[in-house]
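Reading the structure
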Amino acid sequence: MERRTLLKIGAASVPALFVTSALAGCGSSSGGDGGGTPTITMLVLGDKPTNGRLEAMLEKLNAVLTERASAILALYYVEWADWQTQYNVQLLSGDGSIDLIGTASDWLFAWDNASKGAFLELEEPLLQENAPKTWAQVDESGDWDLTKLDDVIYFVPEDNYTQYTNHGFFYRGDWATEAGFTDGTITKFEDFTTYFQWVKDNQSEAYPWDVSGSNAAVLDGYIAGHGDFQTIQGLSAGNYFPLHTTESNPYKVTSWLLEGDLLQEAAKIAKEWNDLGVWREDALNYDGDTRELFYAGLSGADQHHTQTFLTGIVFNMTAKQEGSDPKFFYWGSENGNFFKDLKTHGAMAVSATSSNPEKSLAVYDLLRNDEECYRLINFGIEDTDYVVTEDGKLDFPTGYDPSTDGLGANFWYGRMDDYELDRVTDADYKWDYYAELDKVAKVYPYETLVIDQNAFAPALSAVSGVLSEYLPQLQYGKFDDPASAISDMRSKLDGAGLSDIIASVQEQMDTWKADKGLS
């Protein structure tokens, strides 16, 4: 295995002229087609790195893009703090400085923003002429229909990249073994109560699960594994997805937020965990980096998705907590109620206000299909940000710490299996793990169902307000009587119009079902 010394690159080493041109970001002019070398600004999600590596990579990438596309690339970050709000505000602001927009149909409001006019209509000749390799690959895969609204293409799918993003708990197998679980493996959601209690009793410096911010992991995780509810993607009320079907009745629109007993059962566990002291008292407002605390041995659990576990958690936790035996328990593992990724879990759109749609697509075509550009935007500079071992795996230089040395380009909108490299930091059982998931994961059944939200947008906003009032408190067990709180919430949701939204979406579901000839 080849490992080379990490070259520390600070922001100060980046030429000032480059910083001015390539990092101008939002608010800069894209240049237009009137000549010169326009800057194509790409909106990405994530926290902008400050270690200088992104700037160094862009300097090299832009030399290539200048030669091959007569354009250069800049990145504009919508950071994780309040990203759900700021992302949509940025897209609908009419700001003409953004050209390429990272999007997704399940978590980044692709259909909603397409219907509101944020994305450029991508006519086939425009794609064929300016992004020919992308056009050919997606066309050969038969996936353009996944990106059409009223028979018009609005974005490009990330449809040739293998990943799994079903969420769950990361936890320590060594501590679970000490807590009495065979091989340190937890197979039932409720058994985390035993695990958390052991951490509380035996690891005085650690929180059982140091979690921060507003999320609904406890509720989502419990409900996935104890019923057959299926979330309807692409229709969100703020941070939440309020509509569902069930596997047993897949074309009947419903909501576990309004009906059934699972929410009460999940909220009861959340209160039990809160009373136990699983998380810090101010978890709702805490904004610390809880993953780093997990790596530091100060938290017994973390939560995110399968790919994060296999490509990061296993390596980092093993290196930083020797003998910790990191494990993963994903939501729905008890009953097989989880899904393969949508092919539009990552996607790229062109802004409707871009003054350079042709150049934007040309730059995107290179980022996606030119191996040199692909490696730069995804991996960084070879021999500095990464090295390739003799057996073809991606490794990192000696001294590399992903927590401080990461590239942070966050290009999640056009990755390709053709140019991906297995990493020495991947779990050595990654592909076996994916294969096992493939055997039981369900295919999302509504990938071509595009819901028109215009008729009930005010009600959806009102529903978002009610859910924001109740769900974070339920997730963190803050109500003394969660059953009473849920009763109050359901009354307010009905008053806000959730039942009317369900009826409207049911009509659209029925039409879609008939058009598809489904029985």
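Let me begin by describing the structure that accompanies this report.

Reading the values: rules and limits
Residues numbered from 1 in each chain as written. Predicted model: local features only at pLDDT ≥ 70, side-chain atom pairs only at ≥ 80, totals over all residues. Heavy atoms only, no water. 1 Å grid on protein atoms, 1.4 Å probe; cavity = no way out; pocket = protein on both sides within 12 Å on 5 of 7 lines; lining within 4 Å. Points joined across faces, edges and corners; volume = space filled by probe spheres on them. Nonpolar A, V, L, I, M, F, W, Y, C, P; charged D, E, K, R; others polar. Salt bridge = Lys/Arg side-chain N within 4 Å of Asp/Glu carboxyl O. Helix = DSSP H or I, 4+ residues; strand = E, 2+ residues; numbered from the N terminus. Buried < 20%, exposed > 50% of the residue type's maximum accessible area, 1.4 Å probe, protein only. Phe/Tyr/Trp six-rings, centres within 6.5 Å; stacked < 30°, edge-to-face > 60°. Pairing = 2+ DSSP bridges.

Observations concerning empty space enclosed by the protein
Following the criterion strictly, the structure yields one cavity of 30 Å³ or more and no others. Considered as a void within the structure, the largest cavity measures approximately 70 Å³ in volume. Around the largest cavity sit S105, W111, Q233, G234, L342, T344, Y444, Y446, E447 and L449, which together line it. Of the residues that constitute the lining of the largest cavity, the class distribution is five nonpolar, four polar and one charged.

Structural notes on the pattern of salt bridges
Overall, the coordinates contain 24 salt bridges when judged by the stated rule. In this structure, the salt-bridge partner of E372 is R68, at a minimum N-O distance of 2.8 Å. Residue E372 is located in helix 14 (residues 371-379), and its partner R68 is located in helix 2 (residues 53-69); the two are separated by 304 residues in the primary sequence. R68 sits in the partly exposed class, given a relative accessible area of 40%. For the salt bridge of K430 with D422, the shortest nitrogen-to-oxygen distance reads 3.3 Å. For D422, a relative accessible area of 31% gives the class partly exposed.

Here's the deal with the packing of aromatic side chains
Across all of its chains, the model carries 45 aromatic pairs by this definition. On the numbers, 6.3 Å between centres and 75° between planes, the contact of F339 with Y444 is edge-to-face. Of this pair, F339 sits in the loop between strand 12 (326-330) and strand 13 (347-350) while Y444 sits in the loop between helix 16 (430-440) and helix 17 (457-475); the two residues are 105 residues apart in sequence, bridging distant segments of the chain. Given the relative accessible area of 8%, Y444 is considered buried. Measuring from centroid to centroid gives 6.2 Å for Y429 and Y433, while their planes differ by 40°, and the two rings are tilted. For Y433, a relative accessible area of 19% translates into the label buried.

Comments concerning unusual backbone geometry
Phi angles above zero are rare outside glycine, and S70 is one such case at about 50°. Here S70 is to be found in the loop between helix 2 and strand 2 (72-78). Taking the relative accessible area as the measure of exposure, S70 reaches 34% and is therefore partly exposed. One non-glycine residue, D151, adopts positive backbone phi at about 70°.

Observations concerning the pairing of strand 3 (residues 100-103)
Burial along strand 3 is two-sided: L100 and G102 and I101 and T103, pointing in opposite directions, are all buried. As paired strands, strand 3 and strand 13 are joined by four bridges and run antiparallel to one another. Opposite G102, over in strand 13, you have M348 as the bridge partner.

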